[in-house]
Amino acid sequence: PQTERSLVLVKPDGYRRGLTGEVLRRIEAKGYSLAALAVMTPTREQLAQHYAEHEGKPFYEPLVEFMLSGPVTAAIVEGHGCIAGFRSLAGATDPTAAAPGTIRGDLGRDWGLKVQQNIVHGSDSPESAAHEIAIWFPEHA
Ligand code: DAT
Ligand code: MG
């Protein structure tokens, strides 16, 4: 695989629970590097762009409200194959189904809410990575 960049977010649940360092530790332990890193409070506009593909779905509004509920840590992760590789580290979207050994499987659970609070986001393709890096780190686009 080519050297790639992926946009990773530690979501507000991960931030609140003090899991930012644990997520970054796993990324670095895997051998990927951090090309950019920032704690930030997202705007509604950033989230509308970031989650445009989900607009209109039943979980969209709760998802945006959840993402506005506190700071996130955004990172550009770099390395050969890191887009698929980080998705693999993150595990399945539903933390109840996510395999042990993954971030969501080890650290996440169902909280009985309208949206999955699953600790992390990772880009799912080179195209979405480029789009998302432009949203969160315009200076690195
Ligand atoms: P992923 O974050 O694994 O790429 P996604 O892009 O399909 O998953 O969805 C974005 C986020 O929306 C996901 O991390 C959690 C939430 N979500 C997705 N599907 C959901 C559902 N069926 N019910 C509740 N929340 C959901
Ligand atoms: Mg996604």
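Everything below is about the structure printed above this text.
Everything numeric in this text was worked out from a predicted model, so none of it was measured.

Chemist: Can you explain the site of ligand 1? Please cite residues and give values.
Modeler: By nearness alone, every residue bordering ligand 1 is listed as Lys11, Tyr51, His54, Phe59, Leu63, Arg87, Thr93, Arg104, Lys114, Val115, Gln116 and Asn118. A distance of 2.9 Å is found between an oxygen atom of ligand 1 and a side-chain nitrogen or oxygen belonging to His54. At 2.7 Å from an oxygen atom of ligand 1 is found a side-chain nitrogen or oxygen belonging to Arg87. In the complex, the protein chains occlude 76% of the 510 Å² of accessible area that ligand 1 would expose alone.

Chemist: Provide a residue-level description of the sheet that holds strand β4 (residues 120-122), including the pertinent values.
Modeler: Strand order in the open sheet formed by four strands is β2-β3-β1-β4, and the pairing between neighbours is antiparallel. Two strands in the sheet have a free side with no partner beyond their single neighbour: β2 (33-40) and β4. Pairwise comparison of adjacent strand axes, ignoring direction, gives a mean angle of 20 degrees for this sheet. In the sheet, β2 pairs with strand β3 (residues 72-80) via seven bridges, with the strands oriented antiparallel. Looking at β3, one finds that Leu37 is bridged to Ala75. Against the sheet, helix α2 (residues 20-30) engages β1 (3-10), β2, β3 and β4, with an angle of about 165 degrees to β2.

The rules behind each value
- Counting starts from 1 at the beginning of each chain's written sequence and moves along it residue by residue.
- All chains are assigned letters beginning at A, and all ligands numbers beginning at 1, according to the order in which they are written.
- This being a predicted model, a pLDDT of at least 70 is required before a residue's local features are given, and a value of 80 or more before pairs of side-chain atoms are given or counted; all residues contribute to the totals for chains, interfaces and linings.
- To obtain the side-chain values, all non-hydrogen atoms of the structure were included, while hydrogens and water were left out.
- The nearness test applies per residue and asks whether one of its heavy atoms lies within 4 Å of the molecule or strand.
- We call two N or O atoms a polar contact when they sit within 3.5 Å, provided that within protein one can donate a hydrogen and the other can accept it, with sequence-adjacent residues counted only if both atoms are side-chain atoms.
- Surface accessibility follows the Shrake-Rupley procedure with a 1.4 Å probe radius. Residue values consider only the protein chains on display as shielding.
- The pairing criterion is simple: DSSP has to find at least two bridges between the two strands.
- Helix and strand assignments come from DSSP, with helices taken as H or I runs of at least 4 residues and strands as E runs of at least 2, each series counted from the N terminus.
- With axes taken as lines fitted to C-alpha atoms, and helix axes fitted only over the stretch in contact, angles between N-to-C directions fall between 0 and 180 degrees.
- Should any heavy atoms of two residues lie within 4.5 Å, those residues are considered in contact.

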